[in-house]
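Overview (structure and organization)
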Amino acid sequence: MQHTASKHARYLLPGLLLGLLLGTANAHQIWLEPEGTRLNLHFGEYHENLKETSPGLLDRVPAPAVLVLQDGTAKTAAAVKGKEGYALDTAAGSQRHVVAEVRNYPVRELKQGETITRSKWIAAARFAPDASAQSARNLLDIVPNGAPGKFRVFFRGQPLAKVKVEMVAPNGWRKEASSNADGEFELQPLWRGVYVLEAAHKEVVAGEVDGEKYDAASFTSSLTIVNTNGPATERPAAATPHQMK
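A brief report on the enclosed structure follows. (Residues numbered from 1 in each chain as written. Predicted model: local features only at pLDDT ≥ 70, side-chain atom pairs only at ≥ 80, totals over all residues. Heavy atoms only, no water.)

Attention shifts here to the pairing of strand E9 (residues 97–102). In terms of burial, E9 is a largely internal element, six of the six residues being buried. A two-sided burial pattern is seen for E9, the buried positions comprising His-97, Val-99 and Glu-101 on one face and Val-98, Ala-100 and Val-102 on the other. Note: strand E5 (residues 65–70) against E9, five bridges, orientation antiparallel. Paired with Ala-65 across the strands is Glu-101, a residue of E9. Bridge analysis of E9 against strand E11 (residues 115–128) gives five bridges, and the strand direction is antiparallel. Its bridge partner lying in E11, Val-98 is registered against Phe-127. (Buried < 20%, exposed > 50% of the residue type's maximum accessible area, 1.4 Å probe, protein only. Helix = DSSP H or I, 4+ residues; strand = E, 2+ residues; numbered from the N terminus. Pairing = 2+ DSSP bridges.)

What follows is the structure, encoded as C-alpha cells:
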C-alpha cells in the first residue's frame, strides 16, 4: 500500500470540504468486525450501529485492499461485497492482525468560487486480536502498543501527535484521548465485546494514490479490538441506512 505526496506545506482541510467530499456520509468510517466465523468490513458509524447497505451508500465504497499479517509475512486477502459490508477471506477467530484500506474512492472536483479542488478520501481499518505492538501499514494507522489499552497512531509511517482518537464501546459509549509527541495514547475498555477506535486527519497538499492525483485529502482510520474482561453489554438497535442519492 504505497503512497506519495509532494513536499508542499500542509494545512488543515476545512470540515466543509470533507462534508462535500463524502456527501451524506461525512462522518462515516470503515471498520473491521468479527461476526460468527468471518471478519467483515463495514461502512457507517459504529457508535450508532449504522451499517450502510447494498443497494445504497455501500455501493459507493470500492472493495478494500486487504493484508493478513502473521509470522512476519503479509498476504493479500479477497473482499466480497454483501448486503451490509465486505466479507474478508480470513477467519475472525484466528490470531492474525488484518489491515484494510480503501484507496480508490473516486476523486471529487469541488468548485469554490473560481477555484476547482480535486479532493480525495482515503479510509483505513485494522483488526487486532491481541495487544502486541505493531508497525504502521496503512497511511493513517492506529496500532496496539504492547499492552492492553495502550496504542499509537501513525501518519505516513511517522508518529502523529495531538490527534484525537475516540474509542467506541459495544453499547455506544464513547471516550476520547489525544496522542502525545510519540503518537502514544491510552484508552481502557470497560465492558466485554468489540470496540472500535477511530481517528481522522486532514491535509491540503498535492499528492497521488495509485496514479490518481489530488489537491487535498482527508484520511480516516479505525482499529477494532475485542475485550474479554468486564461485565457484558448489549449493542443498541441498528440504525436505518441512508438512501442512495
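What follows deals with unusual backbone geometry. The amide bond that connects Ser-54 to the next residue, Pro-55, takes the cis arrangement and shows omega of 5°. Turning to its location among the elements, Pro-55 is positioned in the loop between strand E4 (50–51) and E5. One non-glycine residue with positive phi stands out, namely Asn-49, at about 55°. As for its placement among the helices and strands, Asn-49 is situated in the loop between strand E3 (38–45) and E4. The buried category is assigned to Asn-49, whose relative accessible area is 12%.

Quick look at the nonpolar core now. Core analysis: the largest hydrophobic core is formed by 27 residues, its most contacted members being Ile-142, Phe-151, Phe-185, Leu-197, Phe-219 and Ile-225. Among the elements of the structure, E11, strand E12 (140–144), strand E13 (150–155), strand E15 (164–168), strand E18 (193–203) and strand E21 (216–227) are those that each provide at least two residues to this core. A total of four residues in this core trace back to one element, the largest contributor, which is E21. Ranked by size, the runner-up nonpolar core spans 22 residues in total, among them Leu-39, Leu-57, Tyr-86 and Val-102. (Core = buried A, V, L, I, M, F, W, Y, C linked by side-chain atoms within 4.5 Å.)

One pass over the full model with this rule turns up six aromatic pairs. On the numbers, 5.9 Å between centres and 55° between planes, the contact of Phe-43 with Trp-121 is tilted. Pair noted here: Phe-43 is in strand E3 and Trp-121 is in strand E11, with a separation of 78 residues, a long-range link. Classification of Phe-43 as buried rests on a relative accessible area of 3%. When its relative accessible area of 0% is taken as the criterion, Trp-121 is described as buried. Here Trp-173 and Trp-191 contribute two aromatic rings whose centre-to-centre distance is 5.5 Å and whose plane-to-plane angle is 80°, an arrangement assigned as edge-to-face. Of this pair, Trp-173 sits in the loop between E15 and strand E16 (174–178) while Trp-191 is found in the loop between strand E17 (184–186) and E18, placing the two residues 18 residues apart along the sequence. Exposure remark for Trp-173: the relative accessible area of 25% places this residue in the partly exposed category. (Phe/Tyr/Trp six-rings, centres within 6.5 Å; stacked < 30°, edge-to-face > 60°.)

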